[in-house]
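# Working through the structure, step by step
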Amino acid sequence: RTKEKEVPGSSYLIYSGTSMAAPYVSGVIGLMLSKNPQLSQNAVEFILKHSVDFIDSDKYIGSGKINAFKSLQLNRIPKIVAEIKSPVNGEQIRKLVDVIGTASGNYRLEYGSGVYPKNLIEITSGKRKHNEILIKWDVSNLSDGEYTLKLTVEKDDEKVEDYARVKVANEF
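## With respect to the overall build of the protein chain
- Check the secondary structure of the protein chain and you find three helices and ten strands.
- Each helix and strand of the protein chain, placed in order from N terminus to C terminus, yields the pattern β-β-α-α-α-β-β-β-β-β-β-β-β.
- With the principal axes as the frame, the protein chain shows a C-alpha extent of 55 × 45 × 25 Å.
- Counting over 172 residues, the protein chain shows a buried share of 34%.
- Contacts spanning at least 24 positions in sequence make up 59% of the contacts within the protein chain whose residues lie at least 6 apart.
- Here the protein chain has roughly 11,100 Å² of accessible surface; of this, 50% comes from carbon and sulfur atoms.
- Charge separation in the protein chain, taken as the distance between the mean sites of 24 positive and 22 negative side-chain charges, equals 2 Å.

What follows is the structure, given as structure tokens:
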């Protein structure tokens, strides 16, 4: 949904929303594909998500602010994988939760309060897992609210991350 607002003293208008973000994202994708026409749809999505600038916000606004320069620098999918398969974004969780994922190198799983936490607490770490339980996470002592899980995987000179934002609801 687009919002329109006049800029006082000029003939310009301010717009926001997905209809204004789409041209920017499309433009960055065009730049990426002009540099590397062999990129798959999955590669493009991965690069876009992992080359954004962090935005400090109390509300979930996506992966971050698009950064064309970083997208062109990355311009390939790393050979390692970090993927949280469960719980999924927005899922309501309680008590004991299986955190399932893929980590194709040394991994660290952390959580923090809020959608963009400033402080993270390590839950577990380990080595390679593929579509397996990373941990049975006990959330029974956490206050109800939004939390972010962060999976970081490192191998050789590469590092990748994945996130899942969940809602803890221990009390009904």
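## Here we look at the sheet that holds strand E5 (residues 96-103)
- Taking strand neighbours across the sheet as the criterion, the three strands line up as E3-E5-E8 in an open arrangement whose pairing is antiparallel. What marks the edges here is a single partner per strand, and that holds for strand E3 (82-86) and strand E8 (129-138). Between one strand and the next, the sheet's axes are offset by a mean angle of 30°, whatever the strand orientation.
- With four bridges joining them, E3 and E5 adopt antiparallel strand pairing. Each bridged residue has a counterpart across the sheet, and for Ile84 the counterpart in E5 is Gly101.

The rules behind the values
- Residues numbered from 1 in each chain as written.
- Predicted model: local features only at pLDDT ≥ 70, side-chain atom pairs only at ≥ 80, totals over all residues.
- Heavy atoms only, no water.
- Helix = DSSP H or I, 4+ residues; strand = E, 2+ residues; numbered from the N terminus.
- Buried < 20%, exposed > 50% of the residue type's maximum accessible area, 1.4 Å probe, protein only.
- Contact = heavy atoms within 4.5 Å.
- Areas by Shrake-Rupley, 256 points an atom, 1.4 Å probe, with all protein chains shown as cover.
- Lys, Arg positive; Asp, Glu negative; His and termini not counted.
- Charge placed at Lys NZ, Arg CZ, Asp CG, Glu CD.
- Pairing = 2+ DSSP bridges.
- Axes fitted to C-alpha atoms, helices over the stretch in contact; angles between N-to-C directions.

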